[in-house]
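Overview (structure and organization)
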Amino acid sequence: DKAPRIRFDKTDYGFRYAAVRTPIIDPERKDYIRNTLFVAPFTVIIPPNDQYRLAQMLIPMDDGNTMFYWIAFHETKGIDKDEWRKFCGAEIGVDIDENFRKIRTLDNMFLQDREAMKQGDFTGIYGIPAQDMAMWESMGPIASRDSEILGTSDLSIVKFRQLMLKAAEAVAAGGPAIGTAKNRIPPDQIMSYERILPKSVDWRTFDPAHAEAAE
């Protein structure tokens, strides 16, 4: 199912959204849910798999530059750091230099491999982080959104922009920064997941922590 239905839920820490797809098996009674979280002000928690859990932290350094952290971990299995770097295209001396600055840059078109694209590689850019950065940087330091035409699958983008504009206005008016109204958010409320769930189950109230413990 390549056309997910996007569902949005505002939370104390930011928001979460679900991409709802039709599963191959038992589509009349079940949905395939991918639940992603935005934890204000700069963290995204991505649905995990059985090998690792993922998070991104995109921290503004100034008006034109952002520090990008791509985090992988597993609380019981751990991960192989070298294999993870190789998978991501983030090997020191190959993809990034000794100061952790990327070798694939906008100036060299992220070393895009056109021959690989002819053979079926969609982007020709190795490594998911580099693909993300190529998308961001090719828009320019401050991108104009005046001519954008957003669709239903872009709901989370629209909601994110609305949320952050309101957050900036609130701070300017003397209010608290986004995500700071409560001192602590229980960890089980900020867990992303991907699951096939019965249509009768509300993705917003499903608790992946308890489900994993039961399994």
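Structure first, text after, so check above.
1. Some remarks on the overall build of the protein
- Within the protein, the secondary structure is distributed over 5 helices and 7 strands.
- Listing the helices and strands of the protein from first to last along the sequence gives β-β-β-β-β-β-α-α-α-α-β-α.
- By its C-alpha atoms, the protein is 50 × 50 × 40 Å across when sized along the principal axes.
- With 215 residues in all, the protein has 29% of them scored as buried.

2. A few points about the pattern of salt bridges
- In the structure shown here, the tally under the stated rule is 12 salt bridges.
- Here Asp 9 ties to Arg 16 by a salt bridge, and the two come within 2.9 Å at their closest N and O atoms.
- The exposure class of Arg 16 is buried, given its relative accessible area of 15%.
- Glu 194 is the salt-bridge partner of Arg 34, the closest N and O atoms lying 2.6 Å from each other. One end of the pair, Arg 34, is in strand β3 (residues 30-39); the other, Glu 194, is in strand β7 (residues 193-198), and 160 residues separate them in sequence.

3. What about helix α1 (residues 81-88)?
- Between a side-chain oxygen at the N-terminus of α1 and the backbone nitrogen of Asp 82 the separation is 3.1 Å; the capping residue is Asp 80.
- After α1 finishes, the residue Gly 89 shows a positive phi value of roughly 70°.

4. Some points on the side chain of His 74
- Inspection of the secondary structure assignment puts His 74 in the loop between β6 (66-73) and α1.
- What makes His 74 buried here is its relative accessible area of 15%.
- There is a polar contact of 3.2 Å between the side chain of His 74 and the backbone nitrogen of Thr 76.
- From its side chain, His 74 meets the backbone nitrogen of Lys 77 in a polar contact 3.0 Å long.

5. As for the side chain of Arg 16
- Among the structural elements, Arg 16 can be located in strand β2 (residues 14-21).
- A distance of 2.7 Å separates a polar atom in the side chain of Arg 16 from the backbone oxygen of Arg 204.
- Ignoring any residue separated from it by four or fewer positions in sequence, one finds Arg 16 in contact with Arg 7, Phe 8, Asp 9, Thr 11, Asn 35, Thr 36, Leu 37, Trp 203 and Arg 204.

6. Quick look at the environment of Ile 59
- Mapped onto the secondary structure, Ile 59 falls in strand β5 (residues 53-60).
- We classify Ile 59 as partly exposed; its relative accessible area is 25%.
- Separated by 65 residues in sequence, Ile 59 and Gly 124 place their C-alpha atoms 27 Å apart.
- With sequence-adjacent residues up to four places away left out, Ile 59 is seen in contact with Phe 42, Thr 66, Met 67 and Tyr 69.

7. Thoughts on the environment of Trp 203
- When you line up the elements, Trp 203 lands in the loop between β7 and α5 (208-214).
- With relative accessibility at 10%, the residue Trp 203 sits in the buried group.
- Along the primary structure Trp 203 and Gly 179 are separated by 24 residues, whereas in three dimensions their C-alpha atoms are 22 Å apart.
- Setting aside anything within four residues of it in sequence, one finds Trp 203 in contact with Arg 7, Phe 8, Asp 9, Arg 16, Tyr 17, Ala 18, Ile 33, Asn 35 and Tyr 193.

8. Points about the packing of aromatic side chains
- Counting across every chain of the model gives 10 aromatic pairs.
- Chaining the aromatic ring pairs together yields one cluster made of Tyr 52, Phe 68, Trp 70, Trp 84, Phe 87 and Trp 136.
- Between the NZ or CZ atom of Lys 159 and the centre of the ring of Phe 8, over which it lies, the distance is 5.7 Å.

Conventions and cut-offs
- Residues numbered from 1 in each chain as written.
- Predicted model: local features only at pLDDT ≥ 70, side-chain atom pairs only at ≥ 80, totals over all residues.
- Heavy atoms only, no water.
- Helix = DSSP H or I, 4+ residues; strand = E, 2+ residues; numbered from the N terminus.
- Buried < 20%, exposed > 50% of the residue type's maximum accessible area, 1.4 Å probe, protein only.
- Salt bridge = Lys/Arg side-chain N within 4 Å of Asp/Glu carboxyl O.
- Polar contact = N/O pair within 3.5 Å; in protein donor to acceptor, adjacent residues only side chain to side chain.
- Contact = heavy atoms within 4.5 Å.
- Phe/Tyr/Trp six-rings, centres within 6.5 Å; stacked < 30°, edge-to-face > 60°.
- Lys NZ or Arg CZ within 6 Å of the ring centre and 35° of its normal.

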